[in-house]
Amino acid sequence: MERRRADKEEAEEPLRPEEEEDEEDEEEGWDDWCSDGEDVGGGLLCLFCSSSFDSESSLFEHCAAEHCFDFHMIVKELGLDFYSCIKLINFVRSKVAEKKCWSCGQAFSSNTELCSHLHTVENCLIEGKVPWEDDVYLKPFMEDDSLLHSLSIDDDDEDGDCGVSMEKGQYSAGNEVLAEPWGNKLSSISERNDSDISAQFQQECTIGSTQREVRESLHVAIDGHLKVARASVNSKAIKTVDDNYFGSYSSFGIHREMLGDKVRTDAYRDAILGNPSLISGATVLDVGCGTGILSLFAARAGASRVVAVDGSAKMASVATQVAKNNGLLYDENVEAEQKQGSAQVISVVHTKAEELNQKIQVPQNGFDLLVSEWMGYCLLYESMLSSVIYARDHFLKPGGAILPDTAMILGAGFGKGGTSLPFWENVYGFDMSCIGKEVTSTSARFPVVDVLSSQDIVTETAVLHSFDLASMKESEMDFTASFELMLSESSATVSGVTWCYGIVLWFDTGFTDRFCKEKPVVLSTSPFSTPTHWSQTIFTFEEPIAMAKEESTLGSSALAGTDECPATALRSRISIVRASEHRSIDISVETTAISSDGRKRSWPVQIFNL
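On a predicted model such as this, the values are computed, not experimentally measured, just so you know.

**Overview of the overall build of the chain**
Of the regular secondary structure elements, the chain holds 19 helices and 20 strands. When burial is assessed residue by residue, the chain has 50% of its 610 residues classed as buried. Considering only contacts within the chain whose residues lie at least 6 apart along the sequence, 70% involve residues at least 24 apart. Taken as a whole, the chain presents about 29200 Å² of accessible surface, with 47% of it coming from carbon and sulfur.

Encoded structure:
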């Protein structure tokens, strides 16, 4: 996995060196690891209520009649293009979810009150701009939103669909207009082969990274050839990310950092070498082997055969040489009699786990043990867990073991020391706190990967989500957790207000006694434990929240979470889902401050990408 360390003061884009790999066409085996997406089915959900409709036109007629939201009129008056239409729909859905009027911003306690309030809007512009202009609204607010998939993209001046201000038969591509109508493309499509179609389709979809992703994910092609082309474009995009991902692991600096992380490496060594009943005589699959250290441990512990898999051509070559230099590389030319009792058991295969059976003949009874160091920042960054799950389901024998076999994401609130503010408040005796405030504001838009001191944790710890690696499904990688945070005992003993600046997440993985009967092991990345190369992942609030003990004196009209009305608890909801960009994750953080007298104050949801 790619290691990206973001400084407290800014989030850096990871370096992604290019590495080209040959793609071999092998005979069909297991299900393809990347399949074409299924067409979205089901009704179209109203933007404001629970009603659903069979067509886009009937939905918008309902919205205009019942909710004073005339979509076509807004689109026509503002001359919105396709992407602005997408933004508008996602903007409205986000405001309705917050129980706020999309046009005036007034908040309500229930959806019923909101729907009763909805009114026609005379002017959608605020200082000459629409409130949904931000590109964040290109991302679908509602998962699998059928309305976005069915939204018309070609202009029809008479019907007003989407109101795209272009000549009929053209469609918008960001700041460009692609003049050739889709009808002409479809009429000549049968005369071209799939590779030509794919190349042209890919070229026409190259309209800026964000807009391309939205168009590829939302455009439902009605022609079978276009579906093939679209699948090809998506596969190539995924392959590019994978090539960069595996290529980034060609850097020996990354492997030195991981091998030098004693918490990480000692945990795996202790789990493998300390449980002979699990390892001795076992067949072992090492997914994402890197330098091959886990395979070396398994061979030393007495495994009968170890297959080490890595998607990086360079690291597969390195792992092979390392195993050979240590007398552990499997030699198929050695007679079977000579192999009895031999430690030469490691085979290294350059492939992705999903394509292993296309490279070698997988043992008939499968593997006894699957071992992998798959964890990324915030546990799930890099999405390598999906490869581990695939390998478990396809190559591990029934009842086989997996190391580690459990994982848990935890979180807590952190104080001022978890930000860069203390540094900027005294720079060689000068007050530069104005810079610190700007840096903190920037941090509220980007996750920060850094080591937090346990002294900076101001609340109790909450468990967000637990994973059972032996049985979980890939869909369980996406989850939403609701929890409450209260001041820790050490913070509660401090008189006055304690300020919480955000939430920090970390993870623990377990090598439990389910499989490690002699020596269970826990690998923790907690701020209360020895720091690891994973550090912790920090999510900074838009503004700090005041917290205090329950017996604090409250201001009569102050908002919860302020100095005059500190919160006794923070209620938070965090969602972590796989992002549209392969191997990335999106994290949303919703926070509500609750005072001792029951007053509540909620902040707008914060969206982070890692």
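There is more to say, and it comes next.
**Considering unusual backbone geometry**
Look at the link from Leu403 to Pro404: it is a cis peptide, with omega at -10°. One can find Pro404 in the loop between strand 9 (396–403) and strand 10 (406–414). Phi is positive for Cys68, which is not a glycine, with a value near 55°. Inspection of the secondary structure assignment puts Cys68 in the loop between helix 1 (56–67) and helix 2 (71–78).

**Considerations on the environment of Val287**
Relative to the elements of secondary structure, Val287 occurs in strand 5 (residues 283–287). Between the C-alpha atom of Val287 and that of Leu385, which follows or precedes it by 98 residues, the distance is 10.0 Å. Ignoring sequence-local partners within four residues, the contact set of Val287 consists of Val309, Ala353, Leu370, Val371, Ser372, Glu373, Met384, Val388 and Ala391.

**Looking at the pairing of strand 17 (residues 567–578)**
In the sheet, strand 13 (residues 479–485) pairs with strand 17 via 7 bridges, with the strands oriented antiparallel. Paired with Phe483 across the two strands is Ser572, which belongs to strand 17. Strand direction decides the pairing type here: strand 17 and strand 18 (residues 585–595), joined by 11 bridges, are antiparallel. The residue bridging Ala569 from the neighbouring strand is Ile594, located in strand 18.

**Points about the nonpolar core**
Core analysis: the largest hydrophobic core is formed by 97 residues, its most contacted members being Leu285 and Ile576. Taken domain by domain, this core gets at least three of its residues from each of domain 2 (252–401) and domain 3 (404–607).

**Considerations on the pattern of salt bridges**
Under the definition given, this model contains 21 salt bridges. Residue Lys262 pairs with Asp266 through a salt bridge whose shortest N-O separation is 3.4 Å. On the criterion of helical spacing, the pair formed by Lys262 and Asp266 is a turn pair, its members being 4 residues apart in helix 11 (residues 262–273). The residue Arg392 makes a salt bridge to Asp393 at a minimum N-O spacing of 2.9 Å. Arg392 gets classed as buried once you look at its relative accessible area, which sits at 9%. For Asp393, a relative accessible area of 48% gives the class partly exposed.

**Observations concerning the packing of aromatic side chains**
Evaluated as defined, the whole model comprises 16 aromatic pairs. Geometrically, the ring pair formed by Phe69 and Trp102 is edge-to-face, given 5.2 Å between the ring centres and 85° between the ring planes. Of this pair, Phe69 sits in the loop between helix 1 and helix 2 while Trp102 sits in the loop between helix 3 (82–97) and helix 4 (111–117), and the two are 33 residues apart along the sequence. In this pair, the class of Phe69 matches that of Trp102, namely buried.

**Comments concerning the side chain of Ser575**
Counting through the fold element by element, Ser575 comes out in strand 17. There is a polar contact of 2.7 Å between the side chain of Ser575 and the side chain of Thr480. Setting aside residues up to four positions removed in sequence, Ser575 forms contacts with Phe479, Thr480, Asp586, Ile587 and Ser588.

**Some details on the UniProt feature "domain: C2H2-type" (unreviewed entry) in the chain**
Sequence positions flagged by UniProt for "domain: C2H2-type" (unreviewed entry) are, in local numbering, residues 46–67. Note that residues 46–67 is 55% helix and 9% strand, and that its end C-alpha atoms are spaced 10 Å apart.

**Brief notes about helix 14 (residues 313–325)**
For helix 14, which comprises 13 residues, the first-to-last C-alpha distance of 18 Å matches the rise-based estimate of 18 Å (1.5 Å per residue) to within 8%. Taken residue by residue, helix 14 has Met315, Ala316, Val318, Ala319 and Ala323 as its buried positions. Along the axis of helix 14, the buried positions cluster into a sector of 160°, meaning they face one direction only. Residues of helix 14 that are exposed and point over 90 degrees away from its buried face: Lys324 and Asn325. Looking one or two places after helix 14, you find Gly327, whose phi comes out positive at around 70°.

**A word on the sheet that holds strand 8 (residues 367–372)**
Strands sit in the order 7-6-5-8-9 across an open sheet of 5 strands; the sheet is parallel. With partners counted over all chains shown, the strands left at the sheet margins are strand 7 (346–350) and strand 9, one partner each. This sheet shows a mean twist of 25° between the axes of neighbouring strands, independent of strand direction. Where strand 5 and strand 6 (residues 305–310) come together, 5 bridges link them in parallel fashion. Each residue of the ladder has a partner; that of Leu285, found in strand 6, is Val307. Taken strand by strand, helix 13 (residues 293–300) contacts strand 5, strand 6, strand 7 and strand 8, and its axis lies near 180° from that of strand 6.

**Details of the packing of helix 11 against helix 13**
The geometry of helix 11 relative to helix 13 is characterised by a closest axis approach of 9 Å and an angle of 25° between their N-to-C directions. Taken as axis vectors, helix 11 and helix 13 run roughly parallel relative to one another. Crossing of helix 11 over helix 13 shows right-handed handedness. Contact with helix 11, carried on its side by Arg264, Thr265, Tyr268, Arg269, Ile272 and Leu273, involves Ile293, Leu294, Phe297, Ala298 and Arg300 of helix 13 and no other residues of that element. By residue class, the composition of the contact of helix 11 with helix 13 is 7 nonpolar, 1 polar and 3 charged.

About the cut-offs
- Residues numbered from 1 in each chain as written.
- Predicted model: local features only at pLDDT ≥ 70, side-chain atom pairs only at ≥ 80, totals over all residues.
- Heavy atoms only, no water.
- Helix = DSSP H or I, 4+ residues; strand = E, 2+ residues; numbered from the N terminus.
- Buried < 20%, exposed > 50% of the residue type's maximum accessible area, 1.4 Å probe, protein only.
- Contact = heavy atoms within 4.5 Å.
- Areas by Shrake-Rupley, 256 points an atom, 1.4 Å probe, with all protein chains shown as cover.
- Pairing = 2+ DSSP bridges.
- Core = buried A, V, L, I, M, F, W, Y, C linked by side-chain atoms within 4.5 Å.
- Domains from an automatic or database assignment.
- Salt bridge = Lys/Arg side-chain N within 4 Å of Asp/Glu carboxyl O.
- Phe/Tyr/Trp six-rings, centres within 6.5 Å; stacked < 30°, edge-to-face > 60°.
- Polar contact = N/O pair within 3.5 Å; in protein donor to acceptor, adjacent residues only side chain to side chain.
- UniProt positions renumbered as here; feature names shortened; annotations may be inferred.
- Expected span 1.5 Å × (residues − 1).
- Arc of directions from axis to C-beta.
- Axes fitted to C-alpha atoms, helices over the stretch in contact; angles between N-to-C directions.
- Parallel < 35°, antiparallel > 145°, perpendicular 65-115°, else oblique.
- Left-handed = near helix turned anticlockwise from the far one by under 90°.
- Nonpolar A, V, L, I, M, F, W, Y, C, P; charged D, E, K, R; others polar.

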